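If you want the building blocks of each chain, they are given just below.
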Amino acid sequence: MINLHTIQSHDIADYLPHDAPMIFIDKVIEYQNDTLLSEITITPQSAYFDAALSGVPNYVGIEYMAQTIAALAGIEAKDRNDIIRVGFLLGSRKLQLHTPFYALDCTYHTRVRRLYQEETGLAVFECQILDHNKIIAEANINVFQPQESQDLPQDNTPNNSQDSQEIAQ
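First, a word on scope: everything that follows refers to the structure included in this document. Remember, it's a predicted structure, so these values are computed and weren't measured experimentally.

Cut-offs used in this document
Residues numbered from 1 in each chain as written. Predicted model: local features only at pLDDT ≥ 70, side-chain atom pairs only at ≥ 80, totals over all residues. Heavy atoms only, no water. 1 Å grid on protein atoms, 1.4 Å probe; cavity = no way out; pocket = protein on both sides within 12 Å on 5 of 7 lines; lining within 4 Å. Points joined across faces, edges and corners; volume = space filled by probe spheres on them. Helix = DSSP H or I, 4+ residues; strand = E, 2+ residues; numbered from the N terminus. Nonpolar A, V, L, I, M, F, W, Y, C, P; charged D, E, K, R; others polar. Patch = residues over 30% accessible without salt bridge, like charges linked within 9 Å, V, L, I, M, F, W, Y side chains within 5 Å. Areas by Shrake-Rupley, 256 points an atom, 1.4 Å probe, with all protein chains shown as cover. Salt bridge = Lys/Arg side-chain N within 4 Å of Asp/Glu carboxyl O.

**Looking at the layout of surface pockets**
- Approximately 490 Å³ is the volume found for the largest pocket.
- Lining the largest pocket are 27 residues, and of these Ile69, Ala70, Gly87, Phe88 and Gln145 sit closest to its centre.
- Elements represented by at least two residues in the lining of the largest pocket include exactly helix H2 (61–79), strand S4 (88–97), strand S6 (107–117), strand S7 (122–131) and strand S8 (134–144).
- Residue contributions to the lining of the largest pocket peak at eight residues, all from H2.
- Class assignment of the residues belonging to the lining of the largest pocket gives a composition of 15 nonpolar, seven polar and five charged.

This is the structure:
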């Protein structure tokens, strides 16, 4: 089983199916079976940083939760010698945002805990964002991670100008 030291010695990007600048979380702090704690420090370079707020709007917290779930899935995939797969946030329940924004130069922790998972890839996670152990955002997040590429919905829309020209003719 992969250990915390090994996880922390890798860049968070090694566990996420994202590339910069779409990686919002900074690092893994704790890992246990079905649970992960990530960390983010708000800087002017943080995604969605709003100078007028001197921080990041609270609604971005749902993405902090989703990326922490994705990092847990990535760690589990690496542990199985599997590929990192894309997942989909299907929705949330019980979303509560107890702060208007995530403040500049502050560090926050996002904890996710798997409540339920089906073999199909459907799962439910209990999520919390913490500011010095005080819960400032929480939700139950429903996600889906297809196990095979054929499980992904097919997009039949044109994806380049040649396709568009062929359809127009």
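Still more ground to cover, so stick around.
**Digging into a nonpolar patch on the surface**
- Taken together, Tyr48, Tyr59, Leu95 and Leu97 make up a surface patch of nonpolar side chains, about 410 Å² in accessible area.
- Relative to the elements of secondary structure, Tyr48 occurs in the loop between strand S2 (35–41) and strand S3 (55–57).

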